[in-house]
Amino acid sequence: GNEEELKGLKNYLSVLGKRIIYTGKRGNGCLLKLNLNLMIAIMNLAVAEGIALSEAFGLKPEFFMHALLHSAMASPYIKIKGEKILKQDFSKQFALSLMTKDLRLIMQEVLKHRFPSFLGSVCYDVYQQAEVKGLGEVDLSAVIKMYQEK
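All residue numbers refer to position in the chain's written sequence, counted from 1. Only residues with pLDDT of at least 70 get local features here, since the model is predicted, and only at 80 or more are side-chain atom pairs given and counted; chain-wide, interface and lining totals rely on the full set of residues. With hydrogens and water set aside, each side-chain value is computed from the structure's full complement of heavy atoms.

In terms of helices and strands, the protein carries seven helices and zero strands. Starting at the N terminus, helices and strands are each numbered in turn, a helix being any DSSP run of H or I of at least four residues and a strand any DSSP run of E of at least two. Reading the helices (α) and strands (β) of the protein from amino to carboxyl end gives α-α-α-α-α-α-α. The classification of residues rests on relative accessible area computed with a 1.4 Å probe and restricted to protein chains. Under 20% of the type maximum is buried, over 50% is exposed, and intermediate values are partly exposed. A total of 150 residues make up the protein; the buried ones form 33% of that total. By definition in these notes, contact holds between two residues if any of their heavy atoms fall within 4.5 Å. Expressed as a percentage of contacts within the protein between residues at least 6 apart in sequence, the contacts between residues at least 24 apart total 64%. Element-wise, carbon and sulfur atoms account for 61% of the exposed surface of the protein, whose accessible area totals about 9800 Å². Residues counted as positive are Lys and Arg, residues counted as negative are Asp and Glu, and His and the chain ends are not counted. A charge is said to be at NZ when it belongs to Lys, at CZ for Arg, at CG for Asp and at CD for Glu. Here the protein contributes 20 positively and 15 negatively charged side chains, and the mean placements of these two sets differ by 3 Å. Computed with the Shrake-Rupley method and a 1.4 Å probe, the accessible areas treat only the protein chains shown as cover for residues.

Below you can see the structure in the form of structure tokens.
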């Protein structure tokens, strides 16, 4: 919406987050949030797959995480979720069902804009399957179970 309107809402919005970013017309902020959540879902799935692949290779998953956290791909998010996966601690920080909902919303926008979201499509499919398997109310890091179940 209007940047002047945003200034009047800053006190209310500051309760929801540290940073307020003006994104132009109404709805752009929501699209930005969904886009960022898509990146989080993809990163989470990539870490889960890397750990599971290490296990399939007979490597200790801790070796994979150590190498990952000392590479250019390291990030605080990858560290937090990787540690949760290694500990099999799926206590809820962000429910897998909420991520699946956000992925559904972004995929609707992807279709509307005729954008070829290859990773987004695969990611959405895996999260949907995880939710069907009963993982919806635990942390999204539990998506690793999609690789571990035989």
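The next thing to look at is a nonpolar patch on the surface. Only residues whose relative accessible area exceeds 30% and that form no salt bridge enter a patch; like-charged residues are grouped when within 9 Å of one another, and nonpolar side chains (Val, Leu, Ile, Met, Phe, Trp, Tyr) when within 5 Å. The rule for a salt bridge is simple: a side-chain nitrogen of Lys or Arg has to be within 4 Å of a carboxyl oxygen of Asp or Glu. Together, Leu 9, Tyr 12, Leu 13 and Leu 16 line one region of the surface with nonpolar side chains, adding up to about 460 Å² of accessible area. Counting through the fold element by element, Leu 13 comes out in helix α1 (residues 3-13).

Moving on to the pattern of salt bridges. If charged atoms from side chains of opposite charge come close, those side chains can pair. Under the criterion given, the structure shown has seven salt bridges. Across the salt bridge formed by Asp 139 and Lys 81, the nearest N and O atoms sit 2.9 Å from each other. In this pair, Asp 139 is assigned in the loop between α6 (118-135) and α7 (145-148) and Lys 81 in helix α4 (residues 76-86), connecting sequence segments 58 residues apart. The pair formed by Asp 139 and Lys 81 is uniform in burial state, with each residue classed as buried. A single network of salt bridges, built from pairs that share partners, joins Lys 33, Lys 101 and Asp 102.

Okay, unusual backbone geometry next. Although it is not a glycine, Gln 88 sits at a positive phi angle of roughly 55 degrees. Relative to the elements of secondary structure, Gln 88 occurs in the loop between α4 and α5 (96-112). Given the relative accessible area of 40%, Gln 88 is considered partly exposed. For Arg 114, which is not glycine, the phi dihedral falls at a positive 50 degrees. For Arg 114, the position within the fold is in the loop between α5 and α6. We classify Arg 114 as exposed; its relative accessible area is 76%.

Once that is clear, we can look at the side chain of Lys 84. Within the secondary structure, Lys 84 sits in helix α4. When residues no more than four places from it in sequence are discounted, the contact partners of Lys 84 are Asp 89, Phe 90, Ser 91, Gln 93, Asp 139 and Ser 141.

Tracing the backbone shows Leu 103 in helix α5. Residues Leu 103 and Ser 121, spaced 18 residues apart in sequence, show a C-alpha to C-alpha distance of 8.7 Å.

For our purposes a nonpolar core is just a set of buried Ala, Val, Leu, Ile, Met, Phe, Trp, Tyr and Cys residues, chained together by side-chain atoms within 4.5 Å. Core analysis: the largest hydrophobic core is formed by 30 residues, its most contacted members being Val 47, Leu 96, Leu 103, Ile 106, Tyr 127, Val 143 and Ile 144. Taken together, the elements giving at least two residues each to this core come down to α2 (28-57), α3 (61-69), α4, α5 and α6. Per-element tally for this core: the top contributor is α2, with eight residues. Setting aside residues no more than four positions away along its own chain, Leu 96 makes contact with Tyr 127, Ala 130, Glu 131, Leu 135, Gly 136, Val 138, Asp 139, Leu 140 and Val 143.

Moving on: α6. What sets the pattern is the α-helix's 3.6 residues per turn: residues three or four places apart point alike. Along its 18 residues, α6 runs 23 Å from first to last C-alpha, staying within 8% of the 26 Å computed at 1.5 Å per residue. For α6, the full list of buried residues reads Gly 120, Cys 123, Tyr 124, Val 126, Tyr 127, Ala 130 and Leu 135. Buried residues of α6, viewed axially, fall in a sector of 165 degrees; they line one side. Exposed side chains of α6 directed beyond 90 degrees from the buried face belong to Phe 118, Val 122 and Val 132. Of the surrounding elements, those touching the buried residues of α6 are α2, α5 and α7. Where α6 begins, the side chain of Ser 117 points an oxygen toward the backbone nitrogen of Gly 120, at a separation of 3.3 Å. In this analysis, the expected span of each helix is defined as 1.5 Å times one less than the number of residues it contains. The arc in question is the one spanned by the directions pointing from the helix axis to the C-beta atoms. Two N or O atoms form a polar contact when they lie within 3.5 Å of each other; inside protein one atom must be a possible hydrogen donor and the other a possible acceptor, and for residues adjacent in sequence the pair counts only when both atoms belong to side chains.

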